[in-house]
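Residue strings, one per chain:
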Amino acid sequence: MANLTLYPATLQWAVEESDADPAALSQRRGLGQLPNWLESKEPVSVSFNKVEQLSRALHVPFGALVRSVVPQRRLEPLVQYRTVGNTSVQPSKNLQDTIDQMRFRQEWARDELLESGLDANPLVGSVRDAEQDDSLADALRSTLGFDGRSAWEGGNSSDRFRQLKERASDAGIMIMLNSQVGSTRSRKLDLQEFRGFVLIDDMAPLVFINRNDSFDGMIFTLIHEVGHVLLGTQELFDGIGGQGDRKATERAINRAVVKAVIGDEYFRRLWQEKLDAGKVPADAAESIADDFHLSALAMGIQARQFGLADEDTLKELRARMERQLQNKTAHRQEQKTQGNGNRTNASRVDTGFVRLVNAAMDGGRLAPTEGFDLVGVRSSQSYQGLIREKKLI
């Protein structure tokens, strides 16, 4: 395989960015020349495999390493003013790197769509005010193809999530998800830190979902983030309740999410039926959530809005959600890595985005290595497996 050109300034940036020790890295097989590369006055020629190894060792995207211009980390608006309670919280490098990767994809997609002469996506900012939850709920129903009760009852949560993901993608919203940073298994995304985020762009709006959540949790996050697309507002979603100054807006969006799936009167009737059947309020919330593939805590909050549940119910539901999260994390740690790699790759990246990359490669506008990097694969074989899974060949 042909060598790639690396630039010392970019390498120096990558080492500083990862806070790595060059001397320690040079002890790894294949990286013995790293100190020389860093001190070189000229670009250096390095094998593809060594660049890939360096990318993994530094936790720096492969594509960033081969740039001739040093990447500039911007002050990320999604996390710049993030707080928990009244305390400023620094984002993890895993979160920052995930946002950077998604912005890189979004910027490429925007340029490609503009080159194709397409118009802006009319969904972005089409709803003016989050407080108008009826309007937002109607827009969510229209965008995601909800059809009352029949659209939700029956089936399982994974099927429902895939259906919603496809509908959002068909509407021009890029839906990406992962449980880790890129393909690095050791860099798991922390569900306690964030469940998802949305990057607003009038041409290529993008939603990212933390795959470490349950399918019901991911369904709620997906609908919630599509709500932000309709409002034209960016957001890092870290839980049902929202944080800081965003709390009122987040609650309004959450109300619209539930209303889009279950109308207000129908919700009240269902809640009363559960209580009449002998369920305590927390169990009623979980039962309705199971029926509609949503979060039990979201059901409890909705009931609280209607005066049907109290703070003790919400406290119990939060405690249950925390226990479920801990059990899920422990279960994942015990599981051995198995499954279909092509299917996993395909699940992480939006179908419309893959179609756009594939067309650019076929048209000669995008080199294969750049295309592979954009969709998160390393080889032609993996790429062919990805587009087969996406049914693009």
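If you're wondering where the values come from, they're calculated on a predicted model, not measured in any experiment.

(A) Broad picture of the pairing of strand E5 (residues 174–178). Among the five residues of E5, five are classified as buried, and the element is accordingly described as predominantly covered. Residues Met 174, Met 176 and Asn 178 point to one face of E5 and Ile 175 and Leu 177 to the other, with burial holding for every one of them. Bridging between E5 and strand E9 (residues 206–210) involves five bridges; their strand directions are parallel. Each bridged residue has a counterpart across the sheet, and for Leu 177 the counterpart in E9 is Ile 209.

(B) Up close: the layout of surface pockets. In this structure, the second largest pocket spans a volume of roughly 770 Å³. Together, 35 residues line the second largest pocket, and Val 60, Pro 61, Ala 64, Asp 97 and Gln 101 are the ones closest to its centre. Sorting the residues of the lining of the second largest pocket by element identifies helix H1 (8–18), helix H4 (48–58), helix H5 (62–65), helix H6 (93–115), strand E7 (184–188) and helix H17 (368–375) as the ones contributing at least two each. Top element by residues in the lining of the second largest pocket is H6. It accounts for nine residues. Looking at side-chain class alone, the lining of the second largest pocket contains 10 nonpolar, 10 polar and 15 charged residues. Two domains each donate at least three residues to the lining of the second largest pocket, and these are domain 1 (3–66) and domain 2 (340–390).

(C) Layout of empty space enclosed by the protein. Scanning the entire structure with this criterion turns up three cavities of 30 Å³ or more. Approximately 120 Å³ is the volume attributed to the largest cavity. Lining the largest cavity are 13 residues, with Arg 105, Asn 178, Arg 348, Val 375 and Gly 376 positioned closest to its centre. Looking at the lining of the largest cavity, the elements that each hand over two or more residues are H6, E5 and helix H15 (341–348). In this structure, the second largest cavity spans a volume of roughly 50 Å³. In this structure, the second largest cavity is lined by Phe 220, Arg 251, Asn 254, Arg 255, Val 258, Ala 298, Ile 301, Gln 302 and Gln 305.

(D) How the structure looks around helix H8 (residues 157–170). Along its 14 residues, H8 runs 20 Å from first to last C-alpha, staying within 8% of the 20 Å computed at 1.5 Å per residue. Within H8, the full set of buried residues consists of Ser 157, Ser 158, Arg 160, Phe 161, Leu 164, Lys 165, Ala 168 and Ser 169. Each buried residue of H8 sits inside an arc of 165 degrees when the element is viewed along its axis, so together they form one side. Structural note: H8 exposes Glu 166 and Asp 170 on the side pointing more than 90 degrees away from its buried face. Those residues of H8 that are buried lie in contact with helix H7 (133–144), E5, E9, helix H9 (215–231), H15 and helix H16 (351–362). Count one or two residues on from H8 and you reach Gly 172, which has phi positive near 90 degrees.

What counts, and where the lines are drawn
- Residues numbered from 1 in each chain as written.
- Predicted model: local features only at pLDDT ≥ 70, side-chain atom pairs only at ≥ 80, totals over all residues.
- Heavy atoms only, no water.
- Buried < 20%, exposed > 50% of the residue type's maximum accessible area, 1.4 Å probe, protein only.
- Helix = DSSP H or I, 4+ residues; strand = E, 2+ residues; numbered from the N terminus.
- Pairing = 2+ DSSP bridges.
- 1 Å grid on protein atoms, 1.4 Å probe; cavity = no way out; pocket = protein on both sides within 12 Å on 5 of 7 lines; lining within 4 Å.
- Points joined across faces, edges and corners; volume = space filled by probe spheres on them.
- Nonpolar A, V, L, I, M, F, W, Y, C, P; charged D, E, K, R; others polar.
- Domains from an automatic or database assignment.
- Expected span 1.5 Å × (residues − 1).
- Arc of directions from axis to C-beta.
- Contact = heavy atoms within 4.5 Å.

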